[in-house]
Every structure is written in structure tokens, then in C-alpha cells.
Amino acid sequence: MKFSVKMIDIANKGALLHTADARKIRVRDGDRVQIINEEAGKNAQAHVDTTGSLIEQGTIGIYRPLNPFLGVNEGEEVEVRCADRPRSLTHIRKKMDGGRLAKDEMLQVTRDIVDETLAPGEVTAFITASYINGLDMDETEYLTRAMVETGDSLQFGTRPIVDKHSIGGVPGNKISLLIVPIIAASGLKIPKTSSRAITGAGGTADLMEVVAPVAFPASEVQRMTEKVGGVIVWGGATNIAPADDRIITYEYPLKIDARGQMLASVMAKKMAVGANLVVIDIPVGRYTKVADVQEGRKMAREFMELGERLNMRVECALSYGESLVGHTIGPILEVQEALAVLEGKREPHSLIQKSLSLAGIALEMAGKAGPGQGFAVAEDLLRSGKALEKFRQIIEIQGGDPGVTADSLTPGEHQFVVRAPQDGYVIELHNRSLITIARTLGSPQDAGAGVVVHSKKGSRVRQGDPILTFYADRAWRLQSAIEAARTLMPVVVEGMILERLPSERWI
Ligand SMILES: O=P(O)(O)OC[C@H]1O[C@H](OP(=O)(O)O)[C@H](O)[C@@H]1O
Ligand SMILES: Nc1ccnc(=O)[nH]1
């Protein structure tokens, strides 16, 4: 059936039809249509929204991002037909039924995720099926390769190219802000691409965005790395493994990180930037992605095997994940803490130790430090101020203000202090509750939102001492977080009553 075109400024590759027209061509809301521009010899598939009033009969609304594939002008005519279901839906169904996907099937699903042929619900079905039924090592390799193949890759003329990645899951994990400048300051190249928050309240891309832009095309990532040795950018904006960011978009609200997707997400980003030496941080502990050391070792073996299959040398470090890294959660608060360390502050111990240990492993792998000497070399690069200088160069080349200091950043203006209800020791600090509270406060979208943990697990507190401070950019968010904290009980002081259950008979 022929339709006249109307351009609509909606930011996805969809189309809008009048309900009566939709019925005529036998499609329903959410189905796919084939749109053919015969004049230009172009055609595209789109998901269709239907409406009884927002568009006239005989007209099709083309959402602007779809038009590059069609090349039509307002008022011109296109042919519209109902389209076949994409083949990848059959593969998703196979995964839901517990089957294993072949290489070409995985590539097709990935491609359809990238070009938005699959609807959000269909992508979520793929993630959920993989989350429940798992991906084996072959499927994980296929997914990783497919993620690389459907995006851009970097090609450096020199080696080694070093990279680092954390699987996440532990709050406050701002270590990349120290590790990348340390490695680059040693003269190595580290084109670091990070995700935004997945299960947490601030991914490295969210943090870096506080001090510099993080969205660059792949060619710029390469140019900037060649120039200053390192960058910290958002993988989702680079078209480096673009399927990854699409998948994360649907994982984020569910706070899940499906195992196979996670391995592929990390390793595809490493492979696409051309890294050949890779350090992986696996935080281990209750309430993280990896519950114990046993499981951590298994995951480390999976990363190493995947690395071998993809021609990358991978070393893994299992790190302590029971407690947050440093004392802060949320973009501005975390950047402040990391910057203070780069500026010479000797605390927090957990942040410095972890960053230097992981940077040290990379320096040893790349031959910049002898066996067992990596930590000391990394420490020297930090203490000498070379890492700070490098971080400023990285900020500057990404378009931020290199003069930024820890003191020049201010977190959210709305604050609330949680105090110790009595004397005692902090015996529990729940990662997941802290993350939920930080998200409720607005983190990571509100950069000033977050939580400062004054007293970590094991600390002695006196009644009235501050244990947590909540920060929010918006007052209503602070109120919601205070209410959430009442039920979540993120911190427990020894001897504290968790809940009082009155005997109803006597009320
Ligand atoms: O939100 P959760 O799941 O905790 O973790 C996600 C974070 O972990 C990784 O950190 P990095 O890039 O190695 O610093 C990702 O890139 C992302 O920033
Ligand atoms: N799934 C992921 C976990 C951690 N980092 C990532 O980039 N992706």
C-alpha cells in the first residue's frame, strides 16, 4: 500500500501509522513493516507504532533516525508492507528453550541488536534466556567476536597495547581513574573504554564524565591514545562493540549482568581496541557478582581461556569485594576521592592498594617492571606526581579542564547524615543496599548524588558518630533515599536491634 511521508522527530528507527491503515496492511502496534522508497531504490524495516488520532490515514510518520536508510522527503510516497519476523527471533527462542547458538546465529542476533531490528522486549528475552540458561565457552567466543565485528576497531602500529577491566559489582570502584594514568605515565598505551553503571551506581564512564567528555568515535580514541598514551572513554559512544551498550541498557534496570554477556562485554571491548595485554579485576564477596573465591577462580579461567582464543594475554586478580573501595559512591564524590590520591593524599588505603596492585600486574606483564616489582614501580609513578600530570593530559585531550582539583568539585547540596544509634562496631555494611540508596539519591545521572561511608565494616563507633552521609542534587531524591534507608538498613552496628516485632495480641 502507498503512503505519503511525514517526518517525525522521535529518536528511534520506528514509524507511525493510523490504526485503520495498520489494520489494512495486517500489522499491529509493535509489529514490523517493510518501507520501500522505489524512487531511490532504498528500503528499510521499522517497528510500527499505531495511533487513532496523531496521524492522518494514508500518511506514514517516519522517525528521523530511520530516514538515512530510506532517503525520502516529506510529502513523497513510499510503499509499506508487513514484514517477516527476523530470523534472529528463532535463535532467541532456541536459547530460551535451553539450546546452544551456532556462530552465524549469534552473529545474526548481535547484528539485529545493533541495527535495532530487534525490539527492546526481544533483546531482553535474549539476555534473560542467557542469564538463566548460560552461554558456553563457544557461544561466549561467538558473541565476543560478533560484538567486535559489528562495530569499529582500532589498529595501533606499535605493541604492546595494555588494557584493564573490572567486572564491577563492588561499589566505589574508581580504580581505573588511577590505573590508566599510572600505566600511561610509564610510557605504555592504554586506550581504556568503560561502560556506564551496570549493577552499580556509577561506572567509570559516569565518573570520567565529571571531568571531561567521554563520547568519541573510534578514530578519535586512537588519535588521543597515540598522543598522550591513554584515554578513559565511554564504550557505548565509540561504536566500539556497540552491541555491548545496547545489552547493558536492558541489564541496568534489572541490576543483572548475565555471565556470558559479561565476559563478551569486557573482552570485546579489549579486542576491538587491539589490546594484547589485559588485566581483569574480579571483585569477590557476598553481594557482588562473584560470591566466593572458588567461583572467582572459575571465572578467571574463563577469562583466560577466552583471551587465549582471541589472542590476548590475560591475567586476573581476585580482589576483596565485601566492602566498598575507598569511602565514596557516586560520580563527583568518587572523582574527588581519586583526584585527592593522585594529588598526594595517602588515603584511603583500600583504593590505593588495589589500584597499585592492578597497575603493577600490568606493568610487569608489559616488562616495565621486573617480576614482583610492579607495585613499587606503580607507587613511584603515583608518588612522583607523574600519574597526576598524565591524568591532566588525558582530561585535556578529551576536552575537559586540566586545572580541576579534588577541592574544586562539589557534591550535591542536599545532605543527610546517618549516625550510630549506639556505641559498638560496624558489623555489616551491605553493598547492594548502598547501591540502591545511591541510585535513589540520583546517582549516576545526577553527578553530585552519592554516599560517603565514614565508618566501614569493623570500625568502632560511638553513639552519634556519623556513619554515612547522603548527597543529592534534588531535595525530593534525598527524601526518597532516607525513606529507602529506613527499610534497607545498609549498616548494622553490633548489638543494634534490627527490627522490633510487637506481640499483636497485646496492642
Ligand atoms: O555497575 P557495575 O556492574 O558495578 O560495574 C560496571 C563498571 O565496571 C567496569 O569498570 P572499569 O571500566 O573496568 O573501570 C565497567 O566498565 C563499568 O564502569
Ligand atoms: N558486563 C560488564 C561488566 C563490567 N564491565 C563491562 O564493560 N561490562
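Sequence order sets the numbering: in each chain, residues are counted from 1 along the sequence as written. The lettering of chains begins at A and the numbering of ligands begins at 1, in the order of writing. Selection of residues for local features in this predicted model requires a pLDDT of at least 70, selection of side-chain atom pairs for listing and counting requires 80 or more, and totals for whole chains, interfaces and linings are taken over all residues. With hydrogens and water set aside, each side-chain value is computed from the structure's full complement of heavy atoms.

The criterion for a residue being near a molecule or strand is simple. One of its heavy atoms has to lie within 4 Å of it. In the vicinity of ligand 2, the contacting residues are His-165, Ser-166, Ile-167, Ser-195, Ile-198, Asp-257, Met-262, Ser-265, Val-266, Lys-269 and Lys-289. Throughout this description, a polar contact denotes any pair of N or O atoms lying within 3.5 Å of each other; where both atoms belong to protein, one of them has to be capable of donating a hydrogen while the other can accept it, and for residues adjacent in sequence the pair is counted only when both atoms sit in side chains. Between ligand 2 and Ser-195 there is a distance of 2.6 Å, counted from an oxygen atom to a side-chain nitrogen or oxygen. Computed with a 1.4 Å probe, the accessible areas rest on the Shrake-Rupley method; for each residue, only the protein chains presented here act as cover. Contact with the protein chains removes 96% of the 240 Å² of surface that ligand 2 exposes when unbound. Using protein atoms alone on a 1 Å grid, points that fit a 1.4 Å probe yet trap it form a cavity, whereas open point sets bounded by protein on both sides within 12 Å along at least five of seven lines form a pocket; residues with an atom within 4 Å of a point count as lining. Should more than half of a molecule's atoms lie within 2 Å of a pocket's or cavity's grid points, that molecule is taken to sit in it. The cavity where ligand 2 resides is the largest cavity. A run of DSSP states H or I qualifies as a helix once it reaches four residues; a run of E qualifies as a strand once it reaches two. Both are numbered from the N-terminal end. Where the shell around ligand 2 is concerned, the elements lending two or more residues are strand S7 (162-166) and helix H12 (259-272).

Centres within 6.5 Å make a pair out of two Phe, Tyr or Trp rings, where for Trp the six-membered ring is used; the pair is then stacked when the planes are under 30 degrees apart, edge-to-face when over 60, and tilted otherwise. The tally for this structure, following the rule as stated, stands at 1 aromatic pair. Ring geometry for Phe-416 against Phe-470: centres 6.0 Å apart, planes inclined by 40 degrees, an arrangement best described as tilted. Taken together, the residues span a long stretch of sequence, with Phe-416 in strand S13 (residues 414-419) and Phe-470 in strand S17 (residues 466-472) at a distance of 54 residues. When its relative accessible area of 30% is taken as the criterion, Phe-416 is described as partly exposed. The rule is simple: take the accessible area with a 1.4 Å probe, protein chains only, and divide by the maximum for that residue type; under 20% is buried, over 50% is exposed, in between is partly exposed. Exposure remark for Phe-470: the relative accessible area of 0% places this residue in the buried category. By definition here, charges over rings are those cases where NZ of Lys or CZ of Arg is within 6 Å of the ring centre and within 35 degrees of the ring normal. The ring of Trp-234 has Arg-196 sitting right over it, with the charged end atom 4.1 Å from the ring centre. Sitting over the face of the ring of Tyr-425, Arg-460 holds its NZ or CZ atom 5.5 Å from the ring centroid.

All right, on to the UniProt feature "binding site: AMP" (unreviewed entry) in the protein chain then. UniProt positions are given in the numbering used here, feature names are shortened, and annotations may be inferred rather than shown by experiment. Per the UniProt record, "binding site: AMP" (unreviewed entry) is found at Gly-169, Ser-195, Arg-196, Ala-197, Ile-198, Thr-199, Gly-200, Thr-204, Ser-265 and Lys-289. The subset of the named residues that lines the largest cavity consists of Gly-169, Ser-195, Arg-196, Ala-197, Ile-198, Thr-199, Gly-200, Thr-204, Ser-265 and Lys-289. Filtering out sequence-adjacent residues up to four positions away, Ile-198 remains in contact with Ile-248, Glu-251, Tyr-252, Lys-255, Ile-256, Asp-257 and Arg-439. Secondary-structure assignment places Thr-204 in helix H8 (residues 204-208). For Thr-204, a relative accessible area of 12% puts it in the buried group. If near-sequence neighbours (up to four positions away) are discounted, Thr-204 is found in contact with Ser-176, Ser-194, Ser-195 and Ile-232. Residue contacts follow a heavy-atom distance rule, with two residues in contact if any of their heavy atoms lie within 4.5 Å.

Before going further, it helps to examine the confidence of the model for the protein chain. Here the protein chain shows a mean pLDDT of 95. Residues at 70 or above account for 99%. For this predicted complex, the interface score ipTM comes out at 0.97, alongside a pTM of 0.90. pLDDT: the predictor's confidence for each residue, scored from 0 to 100.

Among the nonpolar cores identified, the biggest contains 106 residues, and Ile-182, Met-208, Ile-280, Ile-282, Phe-303 and Phe-391 are the most heavily contacted of them. When residues in this core are grouped by element, the largest group, 8 residues, is from helix H15 (residues 349-365). Boundaries between domains were set according to an automatic or database domain assignment. Split by domain, this core shows at least three residues from each of two domains, domain 2 (88-134) and domain 3 (162-238 + 266-406). In this view, Phe-391 contacts Leu-177, Pro-181, Met-208, Val-211, Ile-232, Leu-339 and Leu-342; residues no more than four positions away in its chain are not counted. In this text, buried Ala, Val, Leu, Ile, Met, Phe, Trp, Tyr and Cys residues form a nonpolar core when linked through side-chain atoms within 4.5 Å. Listed in part, the 27 residues of the second largest apolar core include Leu-441, Ala-485, Val-493 and Met-496.

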